[in-house]
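Architecture at a glance
Residues per chain, in single letters:
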Amino acid sequence: MKELFTATVTAIGGREGRIRSEDGVLDIALAMPGVKKETTNPEQLFAAGYAACFDSALNLVAQQEKIKHGGSEVTAHVTLHQGTEGYSLSVKLDVLVRDVEMEVAQKLVEAAHKVCPYSRAIKDNITVDVESRIA
């Protein structure tokens, strides 16, 4: 398999620390959700990455299938759960595809879910609900 890119980020101090990318572009303080307004947390970062990756996958599939649409948006809701066996995550993806019929949007979303690297990485490990919408 051909390597395209490696992201390198170091975390110091866990959820109450800081993350910094090797190139310095990403340099962010972390805190528990709701503790400090100016900080983020791992769930927000995961949601941001998943939403961006899924939107790219959807647009790649549309391009490959020669399906024209008026743009797309993906909102990822990442939930942290605590259970008897520890912590876990679940994801809900809210996918908006503009200027297509609902069945076309659904086809794009299903295909994107199969090719998105995030979806593939967490398949069968995290519950992911995907909801398609059109505008």
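You'll find the structure just up there.
Report on the accompanying structure. (Residues numbered from 1 in each chain as written. Predicted model: local features only at pLDDT ≥ 70, side-chain atom pairs only at ≥ 80, totals over all residues. Heavy atoms only, no water.)

Let's shift gears to the side chain of Ser72. Following the sequence through the fold, Ser72 ends up in strand β4 (residues 72-83). Residue Ser72 is classed as buried on the basis of its relative accessible area of 14%. In terms of polar contacts, Ser72 uses its side chain to reach the side chain of Asp55, at 2.4 Å. Within polar-contact distance, the side chain of Ser72 engages the side chain of Asn59 at 3.1 Å. Excluding anything up to four places from it in sequence, Ser72 contacts Asp55, Leu58, Asn59, Leu96, Val97 and Arg98. (Helix = DSSP H or I, 4+ residues; strand = E, 2+ residues; numbered from the N terminus. Buried < 20%, exposed > 50% of the residue type's maximum accessible area, 1.4 Å probe, protein only. Polar contact = N/O pair within 3.5 Å; in protein donor to acceptor, adjacent residues only side chain to side chain. Contact = heavy atoms within 4.5 Å.)

The next point concerns the side chain of Ser21. With respect to the helices and strands, Ser21 occurs in strand β2 (residues 18-21). In this structure the side chain of Ser21 is engaged in a polar contact, spanning 3.2 Å, whose partner is the backbone nitrogen of Val25. If we ignore the near neighbours within four places in the chain, the residues touching Ser21 are Thr8, Val9 and Leu26.

Below, the discussion takes up the packing of helix α1 (residues 42-64) against helix α2 (residues 102-115). Contact geometry for α1 and α2: axes closest at 8 Å, N-to-C directions at 115°. Judged by the twist between their axes, the crossing of α1 over α2 is right-handed. For the pair formed by α1 and α2, the contact residues are Tyr50, Phe54, Ala57, Leu58, Val61 and Ala62 on the first element and Leu108, Val109, Ala111, Ala112, His113 and Val115 on the second. The residue inventory of the contact of α1 with α2, partitioned by class, reads 11 nonpolar, one polar and no charged. (Axes fitted to C-alpha atoms, helices over the stretch in contact; angles between N-to-C directions. Left-handed = near helix turned anticlockwise from the far one by under 90°. Nonpolar A, V, L, I, M, F, W, Y, C, P; charged D, E, K, R; others polar.)

Here the focus is the sheet that holds strand β6 (residues 127-134). On the basis of which strands lie adjacent, the open sheet formed by three strands has the order β4-β5-β6 and mixed pairing. Each edge of the open sheet is held by one strand with a lone partner, namely β4 and β6. Shown here is a sheet whose adjacent strand axes are inclined to one another by a mean of 15°, direction ignored. Bridge analysis of strand β5 (residues 86-97) against β6 gives eight bridges, and the strand direction is parallel. Looking at β6, one finds that Leu96 is bridged to Arg133. Sheet strands touched by α1: β4, β5 and β6. Its angle to β4, the strand with the most contacts, is close to 145°. (Pairing = 2+ DSSP bridges.)

Most peptide bonds take the trans configuration, and most residues that are not glycine carry a negative phi. Phi at Lys66 takes a positive value of approximately 60°, unusual for a residue other than glycine. Relative to the helices and strands, Lys66 resides in the loop between α1 and β4. One non-glycine residue, Asp99, adopts positive backbone phi at about 65°. Structurally, Asp99 is set in the loop between β5 and α2.

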